Amino acid sequence: MQSTQTLLSVKSLKKHFPLPKKSLFSRHRPYLRAVEGISLDIQKGETFGLVGESGCGKSTFGRTLLQLYKPTSGSVIYRGKEGEEVDITALKGKELRALRRELQIIFQDPYSSLNPRMTVGQIIEEGVAAHKFYKKGSPQMQVYLTEIMQKCGLQPYMLNRYPHQFSGGQRQRVCIARALAVKPKFVVCDECVSALDLSVQSQILNLLNDLKEREGLTYLFISHDLSVVRYISQRLAVMYLGKIVEMGEAEQVFSNPLHPYTVALISAIPSMQAGKEGKPPQKILLSGNMPSAANPPKGCPFHARCFMAQECCQRIPAPLKEVKTGHFVSCHFAEIPTEEKREIAFKKGKAKT
Ligand SMILES: Nc1ncnc2c1ncn2[C@@H]1O[C@H](COP(=O)(O)OP(=O)(O)OP(=O)(O)O)[C@@H](O)[C@H]1O
Ligand SMILES: [Mg+2]
């Protein structure tokens, strides 16, 4: 049963991009399967992290979720005003535009997502006026913009400046101000601190956390950086080749990763490398690259790189199953404890101290 706290419920979401035909006469059109059947619930007020290596489909998932890309199939149930449920994949035109205000996105590169010819005031004002909160140029608008700037740690005089006159961290604050000015309920933060220095990263993460508490927001926080996701999320999902391979409470997944891919990813975080019971820390090495989403392997998508792989992994896909309450893993050997998996990797020469 769905909890009353669920804000978004994603069911079997797919996004396939058409590729050019290999030859004029070939019957089948090839597709790149960027998102391959993702189901998950995002709870009101939480930060849900999404991690995975470059190209695994994180941004495509975020954009398809918000209907910035039309899904190939699947549904996204949004529980908006008064708990009313809407499948936003079925909305069009006016209805979708009305919901856009509630569902916002902050992109990785604040420079290319800000119009260089507009002042920051004009940039933030645009959405506010489009959603008819206040009229452009009105005194109420001016007061509102000043308030938003201050909330996001920017000085009101900066409203008359252009994006190039800001530092990277300040530009990211402008993007946050623009997204929050329209009073959203849900924000996808797509690699929104990845381009910043570590110290600026933590300022922006703290700002996002403060704003979430104050404004009652819910985030989908996308990043390839596990330490960042660990810091900010309550729950998270690990994505590989368009699918979720592990999902659960952030602390649970970090202390007890059960998918071999997650075990390897976590072993590579410097701060997580402290060896248990006096054992030296081990970093598990993954050989090869992620396979192509245009031609995904049969069976488990991770089998070719996996230190646990057996013959069955090449043939049979492992469904995402609940191993412990709220902890989902898609691996035929999900029940084997983390420590045992690490030892297997080490014995097979896949781990180094
Ligand atoms: N508009 C598009 N048209 C065609 N293919 C696309 C499009 N957007 C993404 N892809 C492909 O879909 C796959 C997933 O890309 P996506 O950008 O979602 O990955 P990502 O996990 O966000 O990667 P990164 O960490 O580098 O941002 C990639 O193979 C990419 O080339
Ligand atoms: Mg991306």
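Residues numbered from 1 in each chain as written. Chains lettered and ligands numbered in written order. Predicted model: local features only at pLDDT ≥ 70, side-chain atom pairs only at ≥ 80, totals over all residues. Heavy atoms only, no water.

Description of the site of ligand 1
- Taken together, 13 residues lie around ligand 1, and Ser54, Gly55, Lys58, Ser59 and Thr60 are the ones closest in.
- A distance of 2.5 Å separates an oxygen atom of ligand 1 from a polar atom in the side chain of Ser54.
- For ligand 1, the accessible surface in isolation is 630 Å², of which the surrounding protein chains cover 62%.
- Those elements giving two or more residues to the shell around ligand 1 turn out to be β2 (31-43) and α1 (58-65).
- Grouping the constituent residues of the shell around ligand 1 by class yields 5 nonpolar, 5 polar and 3 charged. (Near = heavy atom within 4 Å. Polar contact = N/O pair within 3.5 Å; in protein donor to acceptor, adjacent residues only side chain to side chain. Areas by Shrake-Rupley, 256 points an atom, 1.4 Å probe, with all protein chains shown as cover. Helix = DSSP H or I, 4+ residues; strand = E, 2+ residues; numbered from the N terminus. Nonpolar A, V, L, I, M, F, W, Y, C, P; charged D, E, K, R; others polar.)

Some thoughts on the state of the cysteines
- All told, the structure shown has 0 disulfides when counted by the stated rule.
- For the unlinked cysteine Cys189, the closest cysteine sulfur is that of Cys192, found at 4.4 Å.
- By relative accessible area, which is 0% here, Cys189 ends up buried.
- The structure places no disulfide on Cys331, whose sulfur is separated from the nearest cysteine sulfur, that of Cys306, by 6.0 Å.
- When its relative accessible area of 8% is taken as the criterion, Cys331 is described as buried. (Disulfide = S-S within 2.5 Å. Buried < 20%, exposed > 50% of the residue type's maximum accessible area, 1.4 Å probe, protein only.)

Brief notes about the pairing of strand β4 (residues 73-79)
- Counting buried positions along β4 yields 5 of 7 residues, so the element is predominantly enclosed.
- Bridge analysis of strand β1 (residues 6-18) against β4 gives 5 bridges, and the strand direction is antiparallel. In the strand pairing of β4, Ser9 is matched with Ile77.
- Bridge analysis of β4 against strand β5 (residues 85-87) gives 3 bridges, and the strand direction is antiparallel. (Pairing = 2+ DSSP bridges.)

Regarding the sheet that holds strand β13 (residues 327-329)
- The 8 strands are arranged β6-β7-β8-β3-β9-β10-β13-β12 in an open sheet whose pairing can be described as mixed. The two strands at the open ends of the sheet, each matched to only one other strand, are β6 (103-106) and β12 (321-324). Within the sheet, the average angular offset between the axes of one strand and its neighbour, ignoring direction, is 25°.
- Where β6 lies against strand β7 (residues 186-190), 4 bridges are found, and the strand directions are parallel. Within the sheet, the bridge partner assigned to Leu103 lies in β7 and is Phe186. (Axes fitted to C-alpha atoms, helices over the stretch in contact; angles between N-to-C directions.)

Focus on the domain arrangement of the protein
- The domains assigned to the protein are domain 1 (6-233) and domain 2 (256-352).
- One C-alpha centre belongs to domain 1, the other to domain 2; they are set 31 Å apart.
- Listed by partner, the interface residues are 12 residues for domain 1 and 10 residues for domain 2.
- Taking both sides of the interface into account, the surface hidden between domain 1 and domain 2 amounts to around 870 Å²; carbon and sulfur atoms contribute 65%.
- It is Arg33, Glu53 and Leu226 that lose the most area in domain 1 upon contact with domain 2, and together they represent 53% of the buried surface on that side.
- Run the count over domain 1 and domain 2 and you get 1 salt bridge.
- Two residues, Arg305 and Glu53, come together in a salt bridge whose shortest N-O distance is 3.3 Å.
- Taken together, the connections running from domain 1 to domain 2 amount to 3 residue pairs in polar contact (both at pLDDT 80 or more).
- Of all the secondary-structure elements, those providing two or more residues to the side of domain 1 that touches domain 2 are β2 and α7 (226-232).
- Grouping the constituent residues of the side of domain 1 that touches domain 2 by class yields 5 nonpolar, 4 polar and 3 charged. (Domains from an automatic or database assignment. Contact = heavy atoms within 4.5 Å. Buried area = accessible area lost by both parts, 1.4 Å probe. Salt bridge = Lys/Arg side-chain N within 4 Å of Asp/Glu carboxyl O.)

Re the pattern of salt bridges
- The final tally for this structure, using the stated rule, is 11 salt bridges.
- A salt bridge links Glu85 to Arg79; the shortest N-O distance between them is 2.8 Å.
- Taking the shortest distance from any N to any O, the salt bridge between Glu102 and Arg101 comes out at 3.9 Å.
- Judged by relative accessible area, Arg101 falls into the buried class, the value being 18%.

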